[in-house]
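Structural overview for review
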Amino acid sequence: MADGNESESELSGGCLCGGVRYRINGPRRDIVNCHCENCRKTHGHVAAYTSVLSSDLSLLKQKSLNWFHDTSPDTYRGFCNVCGSSLFWDARSGNNKISVAAGTLDASHGLKTIGHVYVSEAGDYYEITDGLREFDYSGQDELEKNE
Ligand SMILES: [Zn+2]
C-alpha cells in the first residue's frame, strides 16, 4: 500500500472545548482540501481533511459529539454540540474510511496538503493559487494513487 504518509505515529486531536477527543493509530492520507458547498457551509470555508480507516479512529471523549445527516445518502458530519467544531465526515455506505478535519489535529506529524477536490463548487470569493492538483469533483482516489 502506497498510502502516502505511512507513519504509524499516533495522531490525536479534538474539538475546541475538549468535549470530543480522538486518537488515530494507523496509516493516514495526506491532506485534501474539499471545496464543495456542504463542506464550506459546515466549516465556514474550505474543508481540509485527512482520511483514515474507521477502525483506526478511537473516540476517547464524545459526550458532545453529534452527527448531522448530510444531504448525500448515508453521509454524516460529526460536530461538537457545545463549541461547534466540525470534526468528521463519514460516508457510511461502502466505505471503511472516515475523513478527519485537519484543523482538529493536535499536531500534523508531517502531513502535507496534496490537492483540491470539488473545485467545481468552489466559492467565488477566493482563488486557488498553490499549484497543487485540482479536481472538478472527487479526486481522492487518484490523489492517493499518485502519492
Ligand atoms: Zn467542543
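Residues numbered from 1 in each chain as written. Predicted model: local features only at pLDDT ≥ 70, side-chain atom pairs only at ≥ 80, totals over all residues. Heavy atoms only, no water.

What the 8 strands build is an open sheet, ordered β6-β7-β8-β9-β4-β3-β10-β11; its pairing is mixed. Looking along the sheet, the strands with just one partner apiece sit at the ends: β6 (65-69) and β11 (133-134). Of the strand pairs in this sheet, strand β3 (residues 31-34) and strand β4 (residues 47-53) are connected by 3 bridges, and their pairing is antiparallel. In the strand pairing of β4, Val32 is matched with Tyr49. (Pairing = 2+ DSSP bridges. Helix = DSSP H or I, 4+ residues; strand = E, 2+ residues; numbered from the N terminus.)

Inspection of the secondary structure puts Asn66 in strand β6. Along the backbone, Asn66 and Val82 are 16 residues apart, and their C-alpha atoms lie at a distance of 9.7 Å. In this view, Asn66 contacts Arg77, Gly78, Phe79 and Asn81; residues no more than four positions away in its chain are not counted. One polar contact links Asn66 to Asn81, side chain to side chain, over a distance of 2.8 Å. (Contact = heavy atoms within 4.5 Å. Polar contact = N/O pair within 3.5 Å; in protein donor to acceptor, adjacent residues only side chain to side chain.)

Turning our attention to the side chain of His116. Take His116: it is sitting in strand β10 (residues 113-117). A polar side-chain atom of His116 sits 2.9 Å from a polar atom in the side chain of Asp130. Not counting chain neighbours up to four residues away, the residues in contact with His116 comprise Asn33, His35, Ile128, Asp130, Leu132, Arg133, Glu134 and Phe135.

To continue, consider the coordination of the zinc ion. At 2.2 to 2.4 Å from the zinc ion lie its protein donor atoms, namely Cys15 (SG), Cys17 (SG), Cys80 (SG) and Cys83 (SG). Around the zinc ion sit 4 donor atoms; with metal-centred angles ranging over 106 to 116°, the donor geometry is tetrahedral. Of note, the zinc ion draws all its donor residues from one chain, in the sequence arrangement C-x1-C-x62-C-x2-C. Taken together, the residues span a long stretch of sequence, with Cys17 in the loop between β1 (11-14) and β2 (20-24) and Cys80 in strand β7 (residues 75-80) at a distance of 63 residues. Judged by its relative accessible area of 1%, Cys80 falls in the buried class. (Donors = N, O, S within 2.8 Å, 3.2 Å for Na, K, Ca; no water. Tetrahedral: all angles 85-135°; square planar, octahedral: opposite > 155°, others 65-115°. Buried < 20%, exposed > 50% of the residue type's maximum accessible area, 1.4 Å probe, protein only.)

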